[in-house]
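A closer look at the structure
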There are 2 protein chains.
Amino acid sequence: MTETPALASAPHIIVVDIQPTIECGEHPVKRIVGDVFTVRAVVLKGGYEALGAELRVQRPGSDSWDAVPMRYVYEDDQWVADVTLDTIGAWRYTVAAWTNTFSTWRTEIERKHAAGVDLSSEMLEGANLLRYYARHAQPGARDSIMAYAEAIGTASRDRAVAFALEARLQQLVTQADPREDLVVHEPPYEVWVDRERARFGAWYELFPRSQSPVPGEHGTLRDVEGVLPRLRDLGFDVIYLPPIHPIGRTNRKGKNNSLAPAPDDVGSPWAIGNEDGGHDAIEPKLGTIEDFDHLVATAREYGIEIALDFAIQCSPDHPYVREHPEWFRRRPDGTIKYAENPPKKYEDIVAVDLWCEDYPALWQELKRVVLHWVEHGVRIFRVDNPHTKPLAFWMWLIEEVRRDYPDVFFLAEAFTRPNLLHELARIGFSQSYTYFTWRNTRIELEDYLEELASPPGVEYVRPNFFANTPDILHEYLQDGGRPAFKIRHALAATLSPTYGIYSGFELCENVPVRMGSEEYLDSEKYQIRQRDWDAPGNINDFIAAVNRARKENEALHFLANLRFHRPDNPAIIAYSKSTDDGGNRVLVVVNLDPASPQEATVLLDGDALGLGEGSTYVVHDLLTGDRYTWNGLANYVWLDPATEPVHLFRIEAP
Amino acid sequence: MTETPALASAPHIIVVDIQPTIECGEHPVKRIVGDVFTVRAVVLKGGYEALGAELRVQRPGSDSWDAVPMRYVYEDDQWVADVTLDTIGAWRYTVAAWTNTFSTWRTEIERKHAAGVDLSSEMLEGANLLRYYARHAQPGARDSIMAYAEAIGTASRDRAVAFALEARLQQLVTQADPREDLVVHEPPYEVWVDRERARFGAWYELFPRSQSPVPGEHGTLRDVEGVLPRLRDLGFDVIYLPPIHPIGRTNRKGKNNSLAPAPDDVGSPWAIGNEDGGHDAIEPKLGTIEDFDHLVATAREYGIEIALDFAIQCSPDHPYVREHPEWFRRRPDGTIKYAENPPKKYEDIVAVDLWCEDYPALWQELKRVVLHWVEHGVRIFRVDNPHTKPLAFWMWLIEEVRRDYPDVFFLAEAFTRPNLLHELARIGFSQSYTYFTWRNTRIELEDYLEELASPPGVEYVRPNFFANTPDILHEYLQDGGRPAFKIRHALAATLSPTYGIYSGFELCENVPVRMGSEEYLDSEKYQIRQRDWDAPGNINDFIAAVNRARKENEALHFLANLRFHRPDNPAIIAYSKSTDDGGNRVLVVVNLDPASPQEATVLLDGDALGLGEGSTYVVHDLLTGDRYTWNGLANYVWLDPATEPVHLFRIEAP
């Protein structure tokens, strides 16, 4: 008899469809420390035998596996188990399954006993089975199991059945179970566990050079400390700084992206490097590394974290250009190529070639730069245009950095095609800028958020909804004025657990460099802009109230819990978020028309909120303090953008 | 400088999301010979370089790979290619991608030329690039490419641009392309290609012993030849025979599953084996192996294929019991166990233990049995209760059989939990019985069909909609009478490309053994039943007309093209199928209420049918020959079950 290898190694049990996983386990799914991680699997064996299954979990840095028993949940071969992810880092998990021979026998006994048929042969089988288990048991349990075997093999039918069903026997047998047909799904999957800030946080982007309280003076890192109280009061968690490094002089950009700068023009911070140093240096006008350390420490006292930009391009004056000419792309005449995206040119920067011949040396240097800032207390990096660099570089860099610093995370500025945005998230970026700024109508917002909040994306893409950036002043804000800024802030802050604004948003700055452009007039990218933070028309109080509501309402800390409701007016959008236990329920209703009052009957999805046609409940507006008593699932709203275009309701008992 | 392995082997290009695939490539997707197989992939590289991609295809039995260029289809990094699967068997496919350096350069030239900027440096780069390509070119092309290099490096700007954009150069370069950064997705995926009958066919199940034209006589295989003309005229493609092997005598079942058989009772054909032989023998009363060969050949002349049952259980009198006692489960007293599913007992069969100690010998013997019938011309096996046998056994057996006989396919009788049904389809069964018989209302049918016709299931589960079986006479048929039989026949035959009926359906036999049972009274499983095929009330003409429409309308040969429409009466269901080119469009409207006439305005999904609000078209009823001119997307129907409960429309030009 010839045995084929497949025949000899045929598995008795098949484990399929382990969830959650992405891309066949090629990359980890993502969770936050403290999350209850629910794993499901389908376990199949032809025939009618009872099976057993367990989730196996390997904690970060551990070599051993913990077992969590899985529950048989559906009449469809599905098993489930939960584990609390109580530390950050890379966890691994898989599913093991086996034939539960004792349970198979016990079920047969129960069914036949109920049917009143003869059991003598079955009891002899049971006694044999227990003797087999006894051989696999610990010495203490062995005698007990043997005693059951003896009793079941010899007692009267009813007494034998009673013995067979005893809980004590079940317990002994579970411990002794040799787990026939054991299979373990290989290879294991991975879940990367971040700290909470990777999912939930309010970001604020500012240029340190604009922060001097003295009119006309170049601001410093010390000056940034001066704005911390204000940002703390507004409720921000993260301050993101554009590059703070020395700025190149060659082809420095003047105001409004001019190619003819004035002598005192400060240039774009993204043109990194000059004779004062490169990516690991600080622009001397901003201060020293000691000032930076001091800022990080002071911010921490305010509960605020400093995030840095990581932008790989160099000014032509960067030390790398001199010390490592082999890292740059060259023209046939031997000169270094400027960065360009024809017909656009970036005359003040040259492009590093991340696939140059000695790319490993370049990659190691860039890792050194990141670790330099990590060692100075930076744990969040906003990465400039990651989609123009090798995917393999990010995969490698993020893994290298997080091996020793699992609390570091990276935000991808990837305003690029969706599949590339998704791949950047899959390979390790903890957060992603998204297309939120370009989604303004109700249908656009609902479609986009339903995509973001659904599998598989929700397992690995964490959106960071910036309502504006130094590059993006959307037409909606340009045209809609102050109500538009409130609307977009509330949407960003309540649709996504993480969101951000860039300085001046709170002042409703809305003048573009020209009609049809999303660039700001007098863009801070090229000049210092000092502001009166209490100028008339500011929305400071609104922002503070929204951020307070975010902090106080746990439902807003999540994305997958987002549900849309159905106002009967397309200018009004309504959505809710609830905690798993229903203990916190937030309902947001927004008038998307910044020009006119709008009214609607909001038809609620009762299942999403645990409400019914007969429910009476209070909707408590966390922005105004107003409380309304609502009945049933259809209720009226009227929202005037001139006063308050947003209801941010908590649903409370009447 | 320490290089980590990941760093040194970093890929430049990433290929993800190759579609179609199932279970991460663990099992093949399925297609039919002649299908155009469309493969999509996402190809990603950080940066702005142009890429190239090709589908690589390995034909069954070949060691080499054919390349099919992929087209860039969307602005989202997606590539697509089609290949016609022109032979049955296991095809393999994967995707290769590379950096298209020449195209990157040419695009840069085009954009900069349009922007009017200096190109001298770019032309020198281009000349260098072409010299590099020339080194990789065939000798004949080398000189031509070198001539272009010379011309582009020295000509005036406009002439150089013209050279750069010449189609001839593109052609030369494409052939010489050294394909920088080439990656090939590993391992390759597989698509199993069946012959057409695996997707499209009308099945008829009959018991040969009931086919004698002489009242009271045991029918033979020769008698089956006598019914071929009738079944050909009804339009059937496959005749499926329950087991034709010798039937056991020990505990033989009597009429209506009685445990006290009369001496002349014929027993259940599923109690296989007696002193006349086992699974490779023919019940002597049915005839000889020569008769079987003759039947297969005669049927083939009628365009009909004979499918056999493969049921692994044995009667206690089966030769295996004596010759291979080690293949059976035993009780502690050493006797062989009867099959049971407590409290149900199958006293006339004993269960083979497919995981017995020497299971490889048993599996090989079962393979021998299958190949025995294959060598006698059988190419379709209907497998009895595959879910009670090891999944690994089926995976092995089907692969072994199809290695030499790729035209063989297997239908799984798996009335079990959905995940197990799906796994049986994934591991190699070409067709599956489904839950169709238990889906009778419009919502049940729509939900179930939308599941079957959608990915991932549609890539591997091929339904075979039996409207009845010897085990299943659904209450809907018991209660609904003749109209119910027409309704269920039309649904089975037009919803699924493959469907079947069991003898007597055409006579609307609807008497259960008792109230609440799905078993037939005087079930043919236990006795001979001779029938008058022209008895009053038969639906022969209806079945013939439906089968004719199936054959003549290619749209009905597919499942994934199913679209539901919206009649405004829940008792009426409407759906359509169209060929890809829209050349054949079928619209089916069925009154699901066998008791009363029902009317509806049918609102059509215009996109699914290429119709608009302003369209005028003819709906031609292929059952009655009636033609109606319809306008727009909302039209009235009235269906009286007493006359014709079904419209089987072809949509035609007015």
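Residues numbered from 1 in each chain as written. Chains lettered and ligands numbered in written order. Predicted model: local features only at pLDDT ≥ 70, side-chain atom pairs only at ≥ 80, totals over all residues. Heavy atoms only, no water.

Digging into the pattern of salt bridges
To keep things clear, this is the line we draw: Salt bridge, as used here: a side-chain nitrogen of Lys or Arg that lies within 4 Å of a carboxyl oxygen of Asp or Glu. Runs of H or I in DSSP of at least four residues are treated as helices and runs of E of at least two as strands, each being numbered from the N terminus. When accessible area is computed with a 1.4 Å probe and restricted to protein chains, residues below 20% of their type maximum are described as buried, those above 50% as exposed, and intermediate ones as partly exposed.
All chains considered together, the criterion is met by 91 salt bridges over all chains. Two residues, A:Arg329 and A:Asp353, come together in a salt bridge whose shortest N-O distance is 3.6 Å. With A:Arg329 in the loop between α9 (319–323) and β14 (338–341) and A:Asp353 in the loop between β15 (344–350) and α10 (359–375), this pair connects stretches of sequence that are 24 residues apart. Among the residues examined, A:Arg329 registers a relative accessible area of 39% and is labelled partly exposed. Under the relative-accessibility criterion, A:Asp353 is labelled buried at 16%. B:Arg531 is the salt-bridge partner of B:Glu524, the closest N and O atoms lying 2.9 Å from each other. A residue is classified by how much of its surface remains accessible, and B:Arg531, at 13% relative accessible area, is buried. Put simply, A:Asp309, A:Arg382, A:Asp384 and A:Glu413 are held in one network by salt bridges that share partners.

Describing the relation of the copies chain B and chain A
Superposition of the two copies of the chain requires a rotation about an axis together with a shift along that axis. Let me state the cut-off plainly: A residue counts toward the fit only if its pLDDT is at least 70 in both copies, and the copies are then superposed by least squares on the C-alpha atoms of those residues. Any two residues whose heavy atoms approach within 4.5 Å at even a single point are treated as in contact.
For the match of chain B to chain A, the screw axis carries a shift of 0.0 Å, the RMSD comes to 0.0 Å, and the turn is 180°. On this basis, the relationship between the two copies can be described by a two-fold rotation axis. Residue B:Cys24, judged by its C-alpha, is the member of chain B lying nearest the rotation axis, at 2.9 Å. The residues that chain B uses at the interface reappear at the interface of chain A in 100% of cases, marking a shared surface.

A look at the packing of helix α4 (residues 139–154) of chain A against helix α6 (residues 167–176) of chain A
Residues and elements named next belong to chain A. So the rule is basically this: To obtain an axis, a line is fitted to C-alpha atoms, over the contacting stretch when the element is a helix, and the angle between two such axes runs from 0 to 180 degrees between their N-to-C directions. An angle below 35 degrees is treated as roughly parallel, one above 145 as roughly antiparallel, one from 65 to 115 as roughly perpendicular, and anything else as oblique. Two helices crossing with the near one rotated counterclockwise from the far one by less than a right angle form a left-handed crossing, whereas a clockwise rotation gives a right-handed crossing.
Put simply, α4 and α6 touch, their axes get as near as 10 Å, and they point 125° apart. Relative to α6, α4 is oriented oblique. Considering only the axes of α4 and α6, their crossing is left-handed. Between α4 and α6, the contacting residues are Ala 141, Ser 144, Ile 145, Tyr 148 and Ile 152 on the first element and Arg 168, Leu 169, Leu 172 and Ala 176 on the second.

Observations concerning the interface of chain B and chain A
Convention followed: The term buried area denotes the loss of accessible surface (1.4 Å probe radius) that occurs when two parts are joined, taken as the sum for both partners. Distance and chemistry together define a polar contact, namely a pair of N or O atoms within 3.5 Å, with one atom able to donate a hydrogen and the other to accept it when in protein, and with adjacent residues in sequence counting only for side-chain atoms on both sides.
Each side of the interface is counted separately: chain B has 63 residues, and chain A has 63 residues. When chain B packs against chain A, close to 5,500 Å² is buried across both sides, 59% of that on carbon and sulfur atoms. In this assembly, chain B and chain A are joined by four salt bridges. As a salt-bridge pair, A:Arg417 and B:Asp77 come within 2.8 Å of each other at their nearest N and O atoms. Where chain B packs against chain A, one counts ten residue pairs in polar contact (both at pLDDT 80 or more).

So, the packing of aromatic side chains
Residue and element names in this part refer to chain A. Keep this limit in mind: Only Phe, Tyr and Trp rings are paired, with Trp represented by its six-membered ring, and only when their centres lie within 6.5 Å; those with planes under 30 degrees apart are stacked, over 60 edge-to-face, the remainder tilted. By the criterion adopted, a ring carries a charge over it if an Arg CZ or a Lys NZ lies within 6 Å of its centre and within 35 degrees of its normal.
Summed over the entire model, instances satisfying the criterion amount to 72 aromatic pairs over all chains. Taking the centre distance of 6.4 Å and the plane angle of 45° together, the rings of Phe 236 and Tyr 499 count as tilted. Taken together, the residues Phe 236 in the loop between α7 (221–234) and β12 (238–241) and Tyr 499 in strand β20 (residues 498–502) connect sequence positions 263 residues apart. Judged on exposure class, the residue Phe 236 and its partner Tyr 499 are both buried. In this structure an aromatic cluster arises from ring pairing among Phe 310, Trp 355, Tyr 359, Trp 363, Phe 381, Phe 393, Trp 394, Trp 396, Phe 410 and Phe 429. The residue whose ring lies beneath Arg 179 is Trp 98, and the NZ or CZ to ring-centre distance is 3.6 Å. Arg 439 extends its terminal NZ or CZ atom over the ring of Tyr 448, reaching a point 4.9 Å from the ring centre.

Examining helix α14 (residues 475–495) of chain B
All names here are of chain B. The condition that has to hold: Each helix should span, by expectation, one fewer than its residue count multiplied by 1.5 Å. Working definition for bend: take the seven residues up to and ending at a residue and the seven starting at it, fit an axis to each, and measure the angle between the axes.
With 21 residues, α14 should reach 30 Å at 1.5 Å per residue; the first-to-last C-alpha distance of 21 Å falls well below that figure. Along α14, the largest kink reaches about 135° and is centred on Gly 481; proline Pro 483 follows within four residues of it. Extensive coverage of α14 is indicated by the burial of 18 of its 21 residues.

A few points about the sheet that holds strand β1 (residues 14–19) of chain B
Put simply, the rule is: Strand pairing is assigned whenever DSSP identifies at least 2 bridges connecting the two strands.
Pairing in this open sheet of four strands is antiparallel, and the strands run β1-β3-β7-β6 (chain B) from one edge to the other. Bordering the open sheet on either side are β1 and β6 (71–74) of chain B, each of which pairs with just one other strand. If you compare each strand with its neighbour and ignore which way they point, the axes differ by 35° on average. With three bridges connecting them, β6(B) and strand β7 (residues 78–84) of chain B associate as antiparallel partners. Residue B:Arg71 lies in a different strand from β7(B), and its bridge partner there is B:Val80. Contacting β1, β3 (36–44) and β7 of chain B, helix α12 (residues 418–426) of chain A runs over the sheet at an angle of about 65° to β3(B).

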